[in-house]
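What follows is the residue order along each chain.
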Amino acid sequence: LMRLNDLWREHIERLTGSKFGDKTKRTAIVTVLKGADLRGALVKVVGARCPSYVGIEGIIARETAGTLELVRSDGRVRCIAKK
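The rules behind these values
Residues numbered from 1 in each chain as written. Predicted model: local features only at pLDDT ≥ 70, side-chain atom pairs only at ≥ 80, totals over all residues. Heavy atoms only, no water. Salt bridge = Lys/Arg side-chain N within 4 Å of Asp/Glu carboxyl O. Buried < 20%, exposed > 50% of the residue type's maximum accessible area, 1.4 Å probe, protein only. Pairing = 2+ DSSP bridges. Helix = DSSP H or I, 4+ residues; strand = E, 2+ residues; numbered from the N terminus. Axes fitted to C-alpha atoms, helices over the stretch in contact; angles between N-to-C directions. Contact = heavy atoms within 4.5 Å. Expected span 1.5 Å × (residues − 1).

Turning our attention to the pattern of salt bridges. As enumerated under the stated definition, the model contains five salt bridges in all. For glutamate 10, the salt bridge goes to arginine 3, with nearest N and O atoms at 4.0 Å. Two residues, arginine 39 and aspartate 37, come together in a salt bridge whose shortest N-O distance is 2.5 Å. Judged by its relative accessible area of 38%, aspartate 37 is partly exposed.

Strands belonging to one sheet form pairs held by backbone hydrogen bonds; the direction of such a pair is parallel or antiparallel. Here four strands make up an open sheet; going across it, the order is β1-β2-β3-β4 and the pairing antiparallel. Each edge of the open sheet is held by one strand with a lone partner, namely β1 (42-44) and β4 (77-81). Pairs of neighbouring strands in the sheet enclose a mean axial angle of 45°, with direction left out of account. Looking at chain direction, β1 and strand β2 (residues 57-63) are connected through three bridges and run antiparallel. Residue pairing in the sheet places valine 43 in a bridge with glycine 58 of β2.

Turning to the side chain of asparagine 5, a few remarks are in order. Checked against the element boundaries, asparagine 5 lands in helix α1 (residues 2-16). Looking at asparagine 5, the relative accessible area reads 5%, which means it is buried. In contact with asparagine 5, other than residues within four places in its own chain, are Gly40, Ala41, Leu42 and Ile59.

Within an α-helix, residues lying three or four positions from one another point in the same direction, as the helix has 3.6 residues per turn. Taking 1.5 Å per residue as the helical rise, α1 with its 15 residues ought to reach 21 Å, and the 21 Å between its terminal C-alpha atoms agrees with that figure. In this structure, the buried side of α1 is in contact with α2 (26-35), β1 and β2. Positive phi shows up at glycine 17, right after α1, with a value of about 75°.

Across four bridges, the pairing between β2 and strand β3 (residues 67-71) is antiparallel. The residue of β3 that forms the bridge with isoleucine 60 is leucine 70. Where β2 hands over to β3, the hairpin turn is made up of three residues, counted between the paired strands. With five bridges joining them, β3 and β4 adopt antiparallel strand pairing. Looking at the pairing, glutamate 69 lines up with cysteine 79 of β4. In this structure, the hairpin formed by β3 and β4 is closed by a connection of five residues, where glycine 75 is found at a positive phi of approximately 90°.

Here it is, written out as structure tokens:
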């Protein structure tokens, strides 16, 4: 899964023209991310209405209109509601 994340980061870097995490181009990166395919992104839930979601991190394997399916480092899949 980490290879999938590496490919995703390379794709976002090509779209934005900057290294992922470059704080000087944060606005451009956020704009691209709003419309980007998030499958492959490594994410961490930092705030949620459901407190049990906070702290969960993993690579997005599937995204629907209302959910994200994250594959965690232990191989388990967690479905997280977007709202």
